[in-house]
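# Fold and geometry: a report
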Amino acid sequence: MKLDDDIKIVKGIGDKTASLYSKLGINTVNDLITYYPRAYKTYSEPVPVKTTVEGDRVAVFCKVVTYVESHNGRRYNITSLSAADDSGSIRMVWFNMPFLKNKFHKGEEYIFYGVVKYTGNMRVMEMPEYFTEFQYQKTLKTMQPIYPLKAGITNNSITRSVKAVSSLVETYPDYLPDEVIRENGLMSRGQSLLQMHFPENEEKLKSAIKRVALDEFLGFLIGIRRLKEEIVKEENAHKINEEARCKKDGFIAGLPFELTNGQKKAISDIETDMSSDHMMNRLLQGDVGSGKTVVAVAALLMNSISGYQGALMVPTEVLAVQHYEDICKMLKPYKLTVRLLTGSSTAKEKREILNELKTGICDIVIGTHAIIQDNVDFNSLGLVITDEQHRFGVKQRETLAEKGYKPHVMVMSATPIPRTLAIIIYADMDISVINELPAERKKTKNCVVGTSYRPAAYNFIRKEVQAGHQAYVICPMIEENETTEAEDVINYTESLKQNRGGSVRVEYLHGKMKEDQKKEILHRFINKEIDVLVSTTVIEVGINNPNATVMMIENAERFGLAQLHQLRGRVGRGEAQSYAIFINVKQSKESMERLKVLEDSNDGFHIASEDLRLRGPGDFFGVRQSGDMNFKVADIYNHSDMLVLAQELSLKYPNLNI
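Right, let's walk through the structure included here.

Parameters and conventions
- Residues numbered from 1 in each chain as written.
- Predicted model: local features only at pLDDT ≥ 70, side-chain atom pairs only at ≥ 80, totals over all residues.
- Heavy atoms only, no water.
- Salt bridge = Lys/Arg side-chain N within 4 Å of Asp/Glu carboxyl O.
- Helix = DSSP H or I, 4+ residues; strand = E, 2+ residues; numbered from the N terminus.
- Buried < 20%, exposed > 50% of the residue type's maximum accessible area, 1.4 Å probe, protein only.
- Core = buried A, V, L, I, M, F, W, Y, C linked by side-chain atoms within 4.5 Å.
- Pairing = 2+ DSSP bridges.
- Axes fitted to C-alpha atoms, helices over the stretch in contact; angles between N-to-C directions.
- Contact = heavy atoms within 4.5 Å.

Looking now at the pattern of salt bridges. Applying the stated criterion across every chain yields a total of 30 salt bridges. Where D215 meets R211, a salt bridge forms, and the shortest distance between an N and an O atom there is 3.0 Å. Of this pair, D215 and R211 both sit in helix α8 (residues 202-233), four residues apart, roughly one helical turn. The exposure class of D215 is buried, given its relative accessible area of 9%. Residue R211 is classed as buried on the basis of its relative accessible area of 0%. With a shortest N-O distance of 3.0 Å, R505 and D531 are connected by a salt bridge.

Following this line, the structure appears as structure tokens:
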């Protein structure tokens, strides 16, 4: 028997069973071996019947005190008996198991295991398992596997099938060198697979899970690394020239501020990539306000001066307009044609832009997903940049890249990702990190307070408005909900308008508003026609208002730390001191611990690591969006040590055949 043999080679599996197994993705012997239990059933010492309560899953050691009854009901055949110990009696009931009538006899002793229910004053166990005392003593020492099932397949059938191939599992080939297994205290691959199905105890199960997690991480990383090598092998026709490098140096020298070391290093990385014979596939990762846009402009400039077109795709129209205006100012001395393409562009504008892109007149296009529509064709697309990567699906980014012949690709993300996550999410990319803020940016002052602080917060916002500044107030809900106690933007806005007596101009914004309405509100806010913008998290990405100095977040305990940090990043973009006020409604110990992280730090990478530690990875900005991380066992938080080891091994042994 070999691992890639058809499942029908296993004893007891015929065509019908194989067809059912196929629905579970089990088609080969290897599929069966790696079809892991979802949980394990453990058996406890028997307890007196009298001590059991409804809902308990227990074992009781009883004597059969009645004859076995079996009769047909309306829907089932029902088999039952009464059993008792010194403390009390209990009824045992089985459905559609008439053969049990001849199994039990009055006066015999069994251990029954199941869930206790009450029918009137009588204790009942429905469909209990039953054991002799000797059998149960053996069972007490084991953990029974519970597999994910579909109709027609029983847990016992999978258990029997796995046991039928257990001798093969024990000799499962190990791809890791003996010294790696020994030095890292790892279980062998064969033993780990056997223990996954039939663990001897919890400690051995934990060791098995760690080894399987390592195998899954390592298989993923080596696969991605090989894919990356294939990409790098592909030659790229879009190399920047010497003139582009000189113009880039002049661009940097002409900036009204000094670039940070992180920005300089990122530009150097990009220049090296775009000067090589191969495609760039780089992530530019930087905290909110770290200056990624300047780096992107330097890349677009080098690309355009070298004779190629560049595209920058962002998630919202407001952000596209802001980028367009900023980039036009920065590139004005270079006489490049920069165009803005969004869903709101007029039909005439779209026709003109599409023609300029196709003929090569347009050097740089900035826009939303409108850039990736089927009717958009480029003459010589050499560089693709997507901003706020977690807002775009992988397919959208690929679609844009496919608009040109092997263009360089850069992704900008303001979401600081802890190293353990970055290893997985960006395994196919080179990474440049900007981990410092420009010198001229002041750190936002933070405070976490209870609801009693609201009046003081309103007075503080009023003073900031009187000083010529603006503020955001974030609410978790759009409108009032009877089942959820949380602030909503509509009622909150009305309350502020009434209580501020017209001295402060307040408006609201939320994701269900029409696109034109949202744009109009944001336009008025950026133009200082609105003092306080009450909003849902829709403003988390896509608005840059340097005049806003206060970010007040209601029900802050309802948000993840990484998201709160992103929201806080909407202020602190100008020269004035900025402030973040987090209203903690629950004030529980757990919520205070989480929010204290924000109060004490403005470092997005530290905050992201703490968010991962406190919440786990499941909801970390939709990290599983790519669909590539279908790990059966591995968890990037609980098995982070195995992930780090997998990364080291993937570099040391890149040709492992897993």
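This brings us to the nonpolar core. Ranked by internal contacts, the top residues of the largest apolar core, which has 37 residues, are F251, I270, L331, I385 and M410. At the level of elements, α9 (242-253), α10 (261-275), α11 (292-305), α12 (317-330), β13 (364-367), β14 (381-387) and β15 (408-413) are the ones that each hand at least two residues to this core. Top element by residues in this core is α11. It accounts for 10 residues. In terms of nonpolar packing, the next biggest core, distinct from the first, is built from 30 residues, V29, V169, L193 and L194 among them.

Bringing the sheet that holds β15 into the picture now. Reading across the sheet, the seven strands line up as β12-β13-β11-β14-β15-β10-β16 and stay open at both edges, with parallel pairing between neighbours. Among the strands making up the open sheet, the edge pair consists of β12 (338-341) and β16 (430-434). The sheet shows a mean angle of 20° between the axes of neighbouring strands, direction not considered. Where strand β11 (residues 309-313) and β13 come together, four bridges link them in parallel fashion. For A311, the partnering residue across the bridge sits in β13 and is V365. Packing of α12 onto the sheet brings it into contact with β11, β12, β13 and β14, and relative to β12 it is tilted by some 175°.

Extensive coverage of strand β4 (residues 77-85) is indicated by the burial of seven of its nine residues. When strand β3 (residues 69-72) meets β4, the two strands line up antiparallel, connected through four bridges. The residue of β4 that forms the bridge with H71 is I78. What sits between β3 and β4 in their antiparallel hairpin is a turn of four residues. Pairing geometry for β4 and strand β5 (residues 88-95), over eight bridges, is antiparallel. Looking at the pairing, S82 lines up with R91 of β5. Taking the residues between adjacent antiparallel strands as the criterion, β4 and β5 are bridged by two residues.

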